[in-house]
Amino acid sequence: MEKKRDLPRMILHGVIALYGLACLYLYKMQSVADLTLSGPIPYQSDLPLHISMVVEDHWYYSFTAYVYQLLYHICGGNTIGIALFLALVSWATIYCTEKLVCLLDDTKERTWRTLALALSLNFVMPVYLRFVGEYRYVSYQSANIWHNSTYLCMKLLAILTLSCYFRLREHYADGITLKEWILFMLLNVICTGIKPSFLVAYSPIVGIFLLVDLFRKVPLGKILLFGSALLPSGIVVLWQNAVLFGQDTGNGITIKPWFSFALHANKAKLAVICSLLFCIGVIGVTIRKEWRDFRYLFVICMTALGFLEALCLVESGSRSVDGNFLWGYSICLFFLFTVCSVKCLKLGGTKLLCIAKGILAVLYGWHLYCGLLFFVRLVLGEGYWMR
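Thresholds applied
Residues numbered from 1 in each chain as written. Predicted model: local features only at pLDDT ≥ 70, side-chain atom pairs only at ≥ 80, totals over all residues. Heavy atoms only, no water. Helix = DSSP H or I, 4+ residues; strand = E, 2+ residues; numbered from the N terminus. Buried < 20%, exposed > 50% of the residue type's maximum accessible area, 1.4 Å probe, protein only. Areas by Shrake-Rupley, 256 points an atom, 1.4 Å probe, with all protein chains shown as cover. Lys, Arg positive; Asp, Glu negative; His and termini not counted. Charge placed at Lys NZ, Arg CZ, Asp CG, Glu CD. 1 Å grid on protein atoms, 1.4 Å probe; cavity = no way out; pocket = protein on both sides within 12 Å on 5 of 7 lines; lining within 4 Å. Points joined across faces, edges and corners; volume = space filled by probe spheres on them. Contact = heavy atoms within 4.5 Å. Expected span 1.5 Å × (residues − 1). Salt bridge = Lys/Arg side-chain N within 4 Å of Asp/Glu carboxyl O. Nonpolar A, V, L, I, M, F, W, Y, C, P; charged D, E, K, R; others polar.

*Asks:* Outline the overall build of the protein chain, listing residues and values.
*Replies:* Looking only at helices and strands, the protein chain has 16 helices and 2 strands in total. Principal-axis analysis of the C-alpha atoms gives the protein chain an extent of 55 × 50 × 45 Å. Every one of the 387 residues in the protein chain was classed for burial, and the buried ones make up 52%. On the protein chain, roughly 18,100 Å² of surface is accessible, and the fraction owed to carbon and sulfur atoms is 68%. When the 33 positive and 22 negative side-chain charges of the protein chain are each reduced to one mean point, those points stand 9 Å apart.

Below, the structure written as structure tokens:
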């Protein structure tokens, strides 16, 4: 009987291994794509640019650059090592997602259901309606992205960082050990060093909740100790700011509401809704009852801040149309889908809630279908600008 219960999970392990192999093939093909071609570029992504910035230009703004440089030289100028590294990151992200799912569900039991949910969460994408946005990814905002290597790595570290934060917050008022503080600090530093997008949406909300804890009579010393784990990340941000926005770069930050959202969408506001349709439904059904759930409320607040940053902030200069402030919102969407899916699975008890759960499951399936289709087409050679 035990083997029969384990069989679905073993099958899922096999599916995830196949996913890792598909990612290996995808990232290898992306790494050697010819971006100088006119028209649709097979396997178009940011990866060749990231590699050339390191190998040829020696331009370092992310911790991943040092990894790419090392792997490129170890493999004798071949990009297979970088592709393998990114494939392992994508593979590991699914298992770290499962741990986050169990944490949000307040269970330590990992079953085929928790693993299946974690796998699906790494495929959900915006529901695609051509009249809203012509391009399946570029016209919307997506939680899952396969064309940007720094986002892939940041996503894995962000999952680990947020999971660590949630665990420590449960008992930091009673004290945390030096080992816990160092681990939390390092996760924040590494995640920020890969890409600062997660920190700028997550750290202000951490600060707000620490302030709330102060009014709840949590000792000030405990609050300062816990919050100080984020301070070294600020040093990393200063380094990145100097590289990306230094005086010689000609780049800066300006405020242009809706600019990034409207660049490639026919109906920008509807595109925002299509990007998180399932989450809107879950929040509408559950928020009145679940608003006291700290982790749920934290992710919602973090997503709201990420949305406002993406909505209003735009880079000036050569990167003005790159939409780089969307990355923080994208990782927030991933966490929002994760916590909302856990809440959705718990719905029930009345006929009305069961009907709502069925409708929400259909919406989630729609997001999942769009993501699976997008990924398969990527592996078959299309670029991320696909329609």
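*Asks:* Tell me about empty space enclosed by the protein, and please be specific about residues and values.
*Replies:* Counted by the stated rule, this structure contains 3 cavities of 30 Å³ or more. Taken as a whole, the largest cavity spans an internal volume of roughly 70 Å³. What lines the largest cavity is simply Tyr19, Val89, Ser90, Thr93, Asn122, Asn144, Ile145, Trp146, Leu152 and Lys155. Counting only elements with at least two residues in the lining of the largest cavity, the list comes to helix 4 (80-104) and helix 6 (149-169). When residues of the lining of the largest cavity are assigned to their parent elements, the largest contribution, 3 residues, is made by helix 4.

*Asks:* How would you summarise the environment of Glu98 if you had to cite specific residues and measurements?
*Replies:* Summarising the element assignment, Glu98 is placed in helix 4. A relative accessible area of 0% places Glu98 in the buried class. For the pair Glu98 and Leu211, spaced 113 residues apart in the sequence, the C-alpha separation amounts to 30 Å. The contact partners of Glu98, leaving out residues within four places of it in the chain, are Arg9, Arg110, Thr111, Thr114, Leu115 and Ala118.

*Asks:* So, helix 8 (residues 197-215): which residues are in play, and what are the values?
*Replies:* Here helix 8 is 19 residues long and its end C-alpha atoms lie 29 Å apart, about the 27 Å a rise of 1.5 Å per residue gives. What helix 8 keeps buried is the set Ser197, Phe198, Leu199, Ala201, Tyr202, Ile205, Val206, Phe209, Leu210 and Asp213. Two residues or fewer past helix 8, Lys217 is found with a positive phi of approximately 75°.

*Asks:* How would you explain the pattern of salt bridges if you had to name every residue and give the values?
*Replies:* It is possible for side chains bearing opposite charge to pair when their charged atoms get close. Per the counting criterion, the structure on display carries 9 salt bridges. Of the charged contacts, one joins Arg377 and Glu382 as a salt bridge, the two residues approaching to 2.7 Å between their closest N and O atoms. Residues joined in a network through salt bridges with shared partners are Asp106, Glu170 and Arg295.

*Asks:* Talk me through the layout of surface pockets; I want residue IDs and the actual numbers.
*Replies:* The calculated volume of the second largest pocket comes to roughly 380 Å³. Considering the residues around the second largest pocket, the lining is formed by 20 residues, among which Arg113, Leu117, Ser341, Val342 and Leu345 are closest to the centre. Residue composition of the lining of the second largest pocket, grouped by class: 10 nonpolar, 5 polar and 5 charged.

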